[in-house]
Amino acid sequence: MKRSNENENDFRSKNNKKKRKIIDKEELIEKFLCSNFYIDKTLLIKDFIEEKSSIIRVIAPSGYGKTVNLNMLRYFFEMNYKDENNNENKKFFEKLNIAKETKDGESYIDLYQGKFPVVYINFDVILLEESFDETIENFKSFIQSLYNKYNIIIDNNIKIYEKEMIKKILDLNVNINNLVVSISILCKYLYNTFKKKIILLIDNYDSLILNSLNTTYFDKLYSFHQKLLTNIFENDSYIFKSFITDMDYLLQNGFIEKSIPKLSYFKMLKKEYINNRDIIWTLFIKCGYLIIADNDNIISNNKKLKIRNKEIKEFIKIKFSNWKNKFYKYFKYSEIIDLFIKNYDEEKIQEFLENSINKENYSPNEDLNNWYALIYSLLSLNNEYVIVTKNKYDEKNNIRELLYVHKDYLDRLNNNCDNNNNSNSNNSNESNKKNDQFNPYLSEIFYITINVVPEENRIKEGCIQALDDNEKFLFNGLELKNIYNKIIKFGISVYGNKCGVIYEINYGNKFKRKEMATKVYCGENYDDLYEKGYYFIDKTRMINKLIEKGNAVYLITRPRRFGKSLNLKMIQNFFEKHTKGDSKGNDVFDGLEVSKDRKNMRECHKYPVIYLNFKDNESKTYESAIMYLKSKISSQFKYQREKIDFKKLDTSDQKLWNKIENEEEDMNKLNESIHFLCQCLIEKKFYKRKCIVLIDEYDKILINSFENGYYEMFIGIVRSFFSNIFKGNEYLYFGIITGCLGLELKTFYSGLNNIHEHTLLSDHLFYDCYGFTESELKKFLSHFEIPLEEEDKIQKEYNGYSCGYGNRIIKNLYNPYSIMKFISNNKNKKDDHLFKNYWFSSWSDNILNKIIKENEFSFKKDFLSLLYGNVIIVEIKEILTLKKNYLKDEVWTVLLHSGYITLSDKEGYKQNIKEMDDQIVKLLQTKLKESLKNEIKDDNYINNFINGLFNKDIDTINSNLNDYLTCLSQYHLFANEKDYENVYQVLLMQIFIFCKIYGLNAEKNNGSGRYDFGFPNRNKKKEYILIEVKTCKSENCDDNLLHKECENAINQIIEKKYKMKHEKNGYSSFIIYGITFWKKTCRIEMKINNNDIKGPSESLKE
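Residues numbered from 1 in each chain as written. Predicted model: local features only at pLDDT ≥ 70, side-chain atom pairs only at ≥ 80, totals over all residues. Heavy atoms only, no water.

Novice: Before we move on, could you go through the overall build of the chain and cite the residues and values that matter?
Specialist: If you tally the helices and strands in the chain, you get 41 helices and 33 strands. Looking at the chain as a whole, 54% of its 1102 residues qualify as buried. Excluding contacts between residues fewer than 6 apart, the proportion of contacts in the chain whose partners are at least 24 apart in sequence is 73%. When the accessible area of the chain is evaluated, it comes to approximately 52300 Å², of which 46% is carbon and sulfur surface. (Helix = DSSP H or I, 4+ residues; strand = E, 2+ residues; numbered from the N terminus. Buried < 20%, exposed > 50% of the residue type's maximum accessible area, 1.4 Å probe, protein only. Contact = heavy atoms within 4.5 Å. Areas by Shrake-Rupley, 256 points an atom, 1.4 Å probe, with all protein chains shown as cover.)

Structure, rendered in structure tokens:
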């Protein structure tokens, strides 16, 4: 059974943040029994279905909508008993919130609406009479009307006993024993008739008891009521879901109840009896220190105890002060208390409590008191903290609660801790006076809830229930969330001599994370961000997603300097359990996105995390690479040794651990080392949660081995190493592998189904976790007072990345490193901001060098076309193998994952290219010039050729382009393309890259065809240059043939109206060039507007 305290937001989906719909349709109001209008609460239906408990109990005062919600549930689930296919109530829900909810691709309405038999019982309609017998007669009529609703047909399919019972009920010929089973008989009948489980809704279940409190037959009616409900739920196999509402009519007091045995003989004071805590309470009473409190409301044999008066309270403080200090100092209890207040160590708290609890003669009731006393006694030893207990004994039978607060924050409770509390010090008032100087950002309180469970295997469940109890954090009439910024809550569940501990972090209603500094961080260590006060963008949403998805292995590839390492350190910082007795790092995530869901904070600092970073690998040989790998693994073993009690490991495990740590292991043990480390950490119960493995820059060791010639020897080691970590590792919670390229990694995991690849090509999960989004950029600029007018220029310089997300593309992602460096260099400037190529200057990209240099990619027409805004369609390879000669599709893969090209739809492509132009083109100019530098005698030819085009100097154009052709080898011109025309188009593209022609269009559709090149004349406004390229196909091409092809090229531009679109754009003058190539010579002719065609003054010479 799940029990919940309902308020106006109860059972709303946790992800639902939409405003509630107010519906005033009279028919809906009448159906759901609303007073005046209906507030859409239909998301209760989803929570009701998804709740794992089959029985749900809701406690709320009258008027809180319990009956309305039950009627809503009734009309949603109830089937048409006459015609199952005729769904009459569906119309009421089609425009409500539940209509938008889906499960496994189907709507909740289609899955559940009108699908179940529903039994609705409202005990409030049963009238109480003067006597018990008269009231039972009313109950008989109530049951009869309930049966009549279903038009029960007694046929041969019903068991004889049930048939007799139904007939008796319909005839009102039943005794009280028949009534006890009446509702369960009805449920079974409906279950057997329709072959569907029942939805049982019980409203005002306690009204019979509450209304009969002052009657003479209360005991009889109470007994009947209990038997009736017990009979319903003792065998609930026919019930799909039950929803019980009531008010908590019986408050069981038992906060400090103690069994007080009589001191009948002196032997009871011997040591073996003193171990029984109850005798100690008896002695306190006999000596006059304690008195028995008012016990009028106690329904038990225990007694409530309290200190006699304030004078005795002060005496006890002084009397036991030395004793407490001795325990605190010499018995290392300070270290145990630090487990609560500093590093929140669940495992060690559990270990201490289980080792300390009195393990003899326990019972479920006394169990809770003993555990509570142990925790209270422990925490009371610290004089810097105060224990605050409940002023009223209003705790439930199976639960105990207390607060633990630093004295500097005690006055926030408005002196409510004066009564029945242990202040632990005589200086609390003095300390409170200093409270104004205490850091307001750190005001925190510890809330400890202890409950008892009926079975040992339900201890973890009990911890969660303890955490979920009192979600409003009401204590002694105060709302703790209005008083404290941070509430660390421990849920402790006990059974016998076993316990479990889980903590979570909650934040006050007025909590505000302290303002970030104006220091910019460009590094990769997440600890530095908070400790040294740097500004950073909150990317903790990635942690939310990891918690939600759970067990999996993620391969995440992004370009360099894109936040991969920083995010991994963030993940390590969040999940990794602290083992030192200090509070360092406890507030790193306060107020960030991950902390907004308190259940996320149940995962904070709970896990063993194994982190490997291969970024610094510079191994030149296979042998040095193996030593590097051993060194990295050794460092991790040394790191983890500091976190555990190494002596608890078996001798054989210690021996192997030492060999790995000393780098003495053989290759087999090296490959299995991280798996072995996980096994040691979990099997020996150093941690109760599984391991997280993070590997950063995994591809660095592969790329380095490729560049240094030992890749084929090394790849097998790496494959085996990764496979042992992530394939079939039962000690693994989740793993993350990051790098720039997806180098064969998928082949490491044959048969592994839970590896998830997240790349720029496709990432439905972490698409907004890497790179800065538009909104994040605006926030960044605002914080550092960079004028928003600069945003357009920043977009052009540093934007242009996109990420595939299903069928969509997430655009406008900014390179974080470039933005950080830009802010760092310009944060104090109001204008004249410095824009630099930070990304390129931060790395030497050997992969790109090899691609351009060894594969002659600078001569690929589609690549050069890409740089000028033309949309090209390419195939991206899922698996990339390092090799010397890449196929074209493999080159696109490298360029995409390295961040040199990006995804785009056709509409956004040109804008993306413009935004990346200043970075990409500058780089490629350098690379292309390097690839051709040995062939070019004088690059003045290129500049003169371009100037001639703008100046309409036909002789200069001809002479310089011909001279440039003589510099190129036959290989460059003819080795890569069968279509010679394409070769020369690529040649001209290269020239335009060198000179960065503004506004150039390549192979642009216009008129009735597509011209080769076009761009505005920079020397004259409203004048446009169009170029068409031809080649002479003859084996012996002379000047006359070249002339004819030039004329054909010019006439093609005119006849196909290539200038039409540009005329519409306001260009009034046109220069048309026809260029014809033949081997290492060319001829260019020109036509200006309607003038005649003009050729060079000298004929082509051999």
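Novice: I'd like a description of the pattern of salt bridges, backed by residues and values.
Specialist: Tallied over the full model, the rule gives 36 salt bridges. Residues Lys-103 and Glu-50 are paired through a salt bridge, measuring 3.4 Å at the closest nitrogen-oxygen approach. On the criterion of sequence distance, the pair formed by Lys-103 in strand β5 (residues 102-103) and Glu-50 in helix α2 (residues 43-50) is long-range, its members being 53 residues apart. Exposure remark for Lys-103: the relative accessible area of 27% places this residue in the partly exposed category. Glu-78 is the partner of Arg-74 in a salt bridge, and the nearest nitrogen-oxygen pair spans 3.6 Å. Both residues of the pair, Arg-74 and Glu-78, count as buried. When salt bridges with common partners are traced through the structure, they connect Lys-539, Arg-541, Lys-545, Glu-593, Asp-768 and Glu-776 into a single cluster. (Salt bridge = Lys/Arg side-chain N within 4 Å of Asp/Glu carboxyl O.)

Novice: Lay out the nonpolar core in plain terms, naming residues and giving numbers.
Specialist: Core analysis: the largest hydrophobic core is formed by 78 residues, its most contacted members being Phe-490, Ile-492, Ile-571, Phe-575 and Phe-734. A per-element tally of this core places helix α17 (residues 364-379) first, with 7 residues. Other than its neighbours up to four places away in sequence, Ile-571 contacts Met-542, Leu-546, Leu-694, Phe-734 and Ile-736. Ranked by size, the runner-up nonpolar core spans 65 residues in total, among them Ile-55, Ile-158, Leu-200 and Phe-224. (Core = buried A, V, L, I, M, F, W, Y, C linked by side-chain atoms within 4.5 Å.)

Novice: Lay out the packing of helix α15 (residues 333-341) against helix α16 (residues 346-356) with the relevant residues and their values.
Specialist: It is the contact of α15 with α16, at a shortest axis distance of 9 Å, that shows an interaxial angle of 130°. The angle between α15 and α16 places the two elements in the oblique class. Note on packing geometry: the crossing formed by α15 with α16 is left-handed. Where α15 abuts α16, its residues Tyr-333, Ile-336, Leu-339 and Phe-340 lie against Lys-348, Ile-349 and Phe-352. For the contact of α15 with α16, the residue count by class is 6 nonpolar, no polar and 1 charged. (Axes fitted to C-alpha atoms, helices over the stretch in contact; angles between N-to-C directions. Parallel < 35°, antiparallel > 145°, perpendicular 65-115°, else oblique. Left-handed = near helix turned anticlockwise from the far one by under 90°. Nonpolar A, V, L, I, M, F, W, Y, C, P; charged D, E, K, R; others polar.)

Novice: Mind laying out the sheet that holds strand β30 (residues 1009-1016), listing which residues take part and the relevant values?
Specialist: One open sheet accounts for 5 strands, arranged β29-β30-β31-β32-β33; its pairing is mixed. Each edge of the open sheet is held by one strand with a lone partner, namely β29 (1001-1006) and β33 (1081-1088). Geometrically, the sheet is characterised by an average inter-axis angle of 35° between neighbouring strands, direction not taken into account. The pairing of β29 with β30 spans 5 bridges and is classified as antiparallel. Each residue of the ladder has a partner; that of Lys-1004, found in β30, is Tyr-1011. Lying on the sheet, helix α37 (residues 954-966) is in contact with β32 (1069-1078) and β33; it crosses β33 at an angle near 155°. (Pairing = 2+ DSSP bridges.)

Novice: How would you explain the side chain of Glu-346 if you had to name every residue and give the values?
Specialist: When you line up the elements, Glu-346 lands in helix α16. Look at Glu-346 and you get buried, because its relative accessible area is 1%. Among residues more than four places away in sequence, those in contact with Glu-346 are Val-501, Ile-502, Tyr-503, Lys-606, Lys-688 and Arg-689.

Novice: Any chance you could break down a negative patch on the surface for me, citing the residues and the numbers?
Specialist: Taken together, the side chains of Glu-129, Glu-130, Asp-133 and Glu-134 make up a negatively charged region of the molecular surface. With respect to the element layout, Glu-134 can be found in helix α5 (residues 132-148). On the basis of relative accessibility, which here comes to 40%, the residue Glu-134 falls in the partly exposed class. (Patch = residues over 30% accessible without salt bridge, like charges linked within 9 Å, V, L, I, M, F, W, Y side chains within 5 Å. Lys, Arg positive; Asp, Glu negative; His and termini not counted. Charge placed at Lys NZ, Arg CZ, Asp CG, Glu CD.)

Novice: Any chance you could break down the environment of Leu-379 for me, citing the residues and the numbers?
Specialist: With respect to the helices and strands, the residue Leu-379 is situated in helix α17. Residue classification places Leu-379 among the buried residues on the basis of a relative accessible area of 0%. C-alpha separation for the pair Leu-379 and Ile-341, spaced 38 residues apart in sequence, amounts to 9.9 Å.

Novice: Can you lay out the state of the cysteines for me, pointing to particular residues and giving the numbers?
Specialist: Counted by the stated rule, this structure contains 1 disulfide. In this model, Cys-1032 is linked to Cys-1037 through a disulfide, with the two sulfur atoms separated by 2.3 Å. Across the S-S bond of Cys-1032 and Cys-1037 the torsion is about 105°, and the bridge reads as right-handed. Residue classification places Cys-1037 among the buried residues on the basis of a relative accessible area of 3%. With no disulfide of its own, Cys-678 lies 3.9 Å from the sulfur of Cys-691, the closest cysteine sulfur. Given a relative accessible area of 0%, Cys-678 falls into the buried group. (Disulfide = S-S within 2.5 Å.)

Novice: How would you summarise the packing of aromatic side chains if you had to cite specific residues and measurements?
Specialist: This structure, assessed with the given rule, holds 49 aromatic pairs. Here Phe-575 and Tyr-607 contribute two aromatic rings whose centre-to-centre distance is 5.7 Å and whose plane-to-plane angle is 75°, an arrangement assigned as edge-to-face. Note that Phe-575 is positioned in helix α22 (residues 564-575) and Tyr-607 in the loop between α22 and β23 (609-613), a separation of 32 residues in sequence. Note on accessibility: Phe-575 and Tyr-607 belong to one class, buried. A centroid spacing of 6.5 Å and a plane angle of 80° characterise the contact between Tyr-622 and Phe-714, whose relative ring orientation is edge-to-face. Taken as a pair, Tyr-622 in helix α23 (residues 622-641) and Phe-714 in helix α27 (residues 711-726) lie far apart in primary sequence, 92 residues in all. (Phe/Tyr/Trp six-rings, centres within 6.5 Å; stacked < 30°, edge-to-face > 60°.)

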